[in-house]
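# Residue-level structure breakdown
Here are the chains, one letter per residue:
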Amino acid sequence: MGERVASETTFVTMVRTASERERARLLIESIRSFGGSLGSCDIWVCDANPQTVHSKRLERAGVQVLPLTTPHTMERYYFSDKVSACAQAEDLAAGGVGSLIWIDPACLIIKAPVLFELNSAFDVAVRPVHIRNIGLTVSEPLDGFWEKTFEAVGVRDVQASVESFVDGQEIRAYYNSHAFAVDPSLRLLQQWKACFEGLVLDQGFQKGPCADELHQIFLHQAVLSALIATKVETSRTRILPPDYNYPYNLHESVPFDKRASTLNELVCVAYEERSLDPSAVADIVIDEPLHSW
């Protein structure tokens with residue numbers, strides 16, 4: 001990927017489509033406007049079409065645009081671009097970055113996300129998944145999907161568990177991937193790509209335990225979770241609080257006692273297909289200065 005002198009903390013995201021470009025632009029502006037002590041950190045954008053005029057505008061705005069390359073063997077698989085982008089960024093960051101922060105383009109930074117900074121105390125910072133989905137409770141036996149996923153990362157099972165945020169299920173370690181931070185020196189994201197690609201190419205697995213769309217969609221997240229649970233000590237894994245990666249896309253499903261009342265109280269919000277235009281938002285308060293912004 002070449003040499004680059006990077007800041008100690010670096011953000012990375014990805015764009016492939018026109019809608020993702022617009023979302024990434026808003027994400028970048030939110031980091032610069034509300035990121036506090038992290039607002040001036042390097043931002044890298046892995047771009048599937050880096051020669052566009054939009055990418056050149058990003059470069060003029062001080063953002064580093066990296067050509068996104070996804071192996072053809074998995075390029076059509078769900079979230080393969082995201083896995084590839086993370087591995088590319090980690091490779092570039094090695095030796096110059098202490099905290100590499102991945103953020104999906106459909107997220108915004110509302111307050112300084114200081115807990116993404118790992119410093120010397122943590123190797124990873126993550127949130128539990130929002131809903132159980134394909135996760136397994138701690139009392140359930142392994143199914144074929146998780147058995148093969150754990151085998152891919154070199155273990156039979158994991159001891160770590162988390163509580164899913166929205167539906168409150170105690171499940172085997174299963175982490176949300178809207179936004180997270182890693183220490184690039186661990187090479188965790190290289191392993192993510194290698195294990196993910198291996199499972200994508202495993203025809204028996206794909207036609208068996210991973211044959212349905214739901215397991216295919218969340219395979220990337222399962223593999224990352226399995227790696228974190230097995231390669232990073234529990235004491236070195238920072239579990240982020242609920243104001244990080246808050247799922248506005250699931251806002252109506254969040255239990256009332258956990259539900260955010262204002263957007264301003266959050267640090268990082270994931271909105272996916274929902275609008276955050278104040279004129280279109282009726283289920284959460286947006287106070288100043290965020291409302292005008």
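Residues numbered from 1 in each chain as written. Predicted model: local features only at pLDDT ≥ 70, side-chain atom pairs only at ≥ 80, totals over all residues. Heavy atoms only, no water.

### Structural notes on the overall build of the protein chain
Here is the rule we go by: What counts as a helix is a DSSP run of H or I of at least four residues, what counts as a strand is a run of E of at least two, and both are numbered from the N terminus. Throughout, the radius of gyration refers to the C-alpha atoms, and the reference size of a globule is 2.2 Å times the residue count to the power 0.38. Burial classification: accessible surface area is computed with a 1.4 Å probe over protein chains only, and a residue below 20% of its type maximum counts as buried, one above 50% as exposed, and the rest as partly exposed. Only the protein chains shown count as cover for residues, with accessible areas throughout obtained via the Shrake-Rupley method and a probe of 1.4 Å. This count recognises Lys and Arg as positive and Asp and Glu as negative, with His and chain-terminal groups excluded. Taken as the charge location is NZ of Lys, CZ of Arg, CG of Asp or CD of Glu.
Scanning the protein chain for helices and strands turns up 8 helices and 12 strands. Its C-alpha atoms give the protein chain a radius of gyration of 18 Å, within 12% of the compact-globule value 19 Å for 293 residues. Principal-axis analysis of the C-alpha atoms gives the protein chain an extent of 50 × 50 × 35 Å. Looking at the protein chain as a whole, 53% of its 293 residues are labelled buried. Accessible area for the protein chain stands at about 12700 Å²; split by element, carbon and sulfur atoms hold 50% of it. A distance of 3 Å separates the average location of the 26 positive side-chain charges in the protein chain from that of its 39 negative side-chain charges.

### Digging into the pairing of strand E6 (residues 124-128)
Inclusion rule: Pairing between strands is defined by DSSP: at least two bridges between them are needed.
In terms of burial, E6 is a largely internal element, 5 of the 5 residues being buried. In terms of strand pairing, E6 meets strand E9 (residues 175-182) through 4 bridges, oriented antiparallel. What sits directly across from Ala 125, in E9, is Ala 181. Where E6 and strand E10 (residues 237-239) come together, 3 bridges link them in parallel fashion. Of the residues in E10, the one forming a bridge with Val 124 is Thr 237.

### Observations concerning the nonpolar core
Soluble globular proteins tend to pack their nonpolar side chains together in the buried interior. Selection rule: For the purposes of this section, nonpolar cores are sets of buried Ala, Val, Leu, Ile, Met, Phe, Trp, Tyr and Cys residues that join through side-chain atoms within 4.5 Å. Whether two residues are in contact is decided by their heavy atoms, any of which lying within 4.5 Å being enough.
Among the nonpolar cores identified, the biggest contains 52 residues, and Trp 44, Leu 100, Phe 180, Trp 192 and Leu 219 are the most heavily contacted of them. In contact with Phe 180, other than residues within four places in its own chain, are Cys 86, Leu 100, Ile 101, Trp 102, Phe 116, Ala 125, Val 126, Leu 189, Trp 192 and Leu 224. If you look at the next biggest cluster of nonpolar residues, it comprises 28 residues, including Ile 28, Ile 31, Val 45 and Val 267.

### Remarks on the packing of helix H4 (residues 144-153) against helix H8 (residues 219-231)
Short version of the rule: Fitting a line to C-alpha atoms yields each axis, with helices limited to the stretch in contact; the angle taken between N-to-C directions then spans 0 to 180 degrees. Angle categories: roughly parallel below 35 degrees, roughly antiparallel above 145, roughly perpendicular from 65 to 115, and oblique for all the rest. When the near helix sits turned anticlockwise from the far one by under a right angle, the crossing is termed left-handed; a clockwise turn instead gives a right-handed crossing. As a working rule, the residues Ala, Val, Leu, Ile, Met, Phe, Trp, Tyr, Cys and Pro are called nonpolar, Asp, Glu, Lys and Arg charged, and the rest polar, with Gly in that last group.
Their axes nearest at 9 Å, the elements H4 and H8 cross at an angle of 50 degrees. Classified by the angle between their axes, H4 and H8 sit oblique to one another. Considering how the two elements wind past one another, H4 and H8 form a crossing that is right-handed. For the pair formed by H4 and H8, the contact residues are Phe 145, Trp 146, Thr 149, Phe 150 and Val 153 on the first element and Leu 219, Ala 222, Val 223, Ala 226, Leu 227, Thr 230 and Lys 231 on the second. The class makeup of the residues in the contact of H4 with H8 is 9 nonpolar, 2 polar and 1 charged.

### Some details on the sheet that holds strand E4 (residues 99-103)
One open sheet accounts for 7 strands, arranged E3-E2-E1-E4-E9-E6-E10; its pairing is mixed. Strands with a single pairing partner mark the edges of an open sheet, and in this sheet they are strand E3 (64-67) and E10. On average, each strand axis in the sheet is tilted by 25 degrees relative to the strand beside it, whichever way the strands run. As paired strands, strand E1 (residues 9-15) and E4 are joined by 4 bridges and run parallel to one another. Residue pairing across strands places Val 12 opposite Trp 102, the latter belonging to E4. Relative to E1, helix H1 (residues 18-34) is tilted by about 160 degrees, and along the sheet it contacts E1, strand E2 (42-47) and E4.

### Regarding the pattern of salt bridges
Counted only if it meets this: Definition used for salt bridges: Asp or Glu carboxyl oxygen within 4 Å of a side-chain nitrogen of Lys or Arg.
Counting across every chain of the model gives 15 salt bridges. Here Arg 236 makes a salt bridge to Asp 123, at a shortest N to O gap of 2.9 Å. Pair noted here: Arg 236 is in the loop between H8 and E10 and Asp 123 is in the loop between strand E5 (107-109) and E6, with a separation of 113 residues, a long-range link. Residue classification places Asp 123 among the buried positions, given a relative accessible area of 14%. A salt bridge links Glu 140 to Arg 132; its shortest N-O distance comes to 2.6 Å. Under the relative-accessibility criterion, Glu 140 is labelled partly exposed at 26%. Salt bridges sharing common partners tie together Arg 16, Glu 20 and Asp 81.

### Some words on the environment of Trp 293
Along the polypeptide, Trp 293 turns up in the segment after strand E12 (268-270). By relative accessible area, Trp 293 is classed as partly exposed at 35%. Among residues more than four places away in sequence, those in contact with Trp 293 are Leu 26, Glu 29, Ser 30, Ser 33, Phe 34 and Leu 108.

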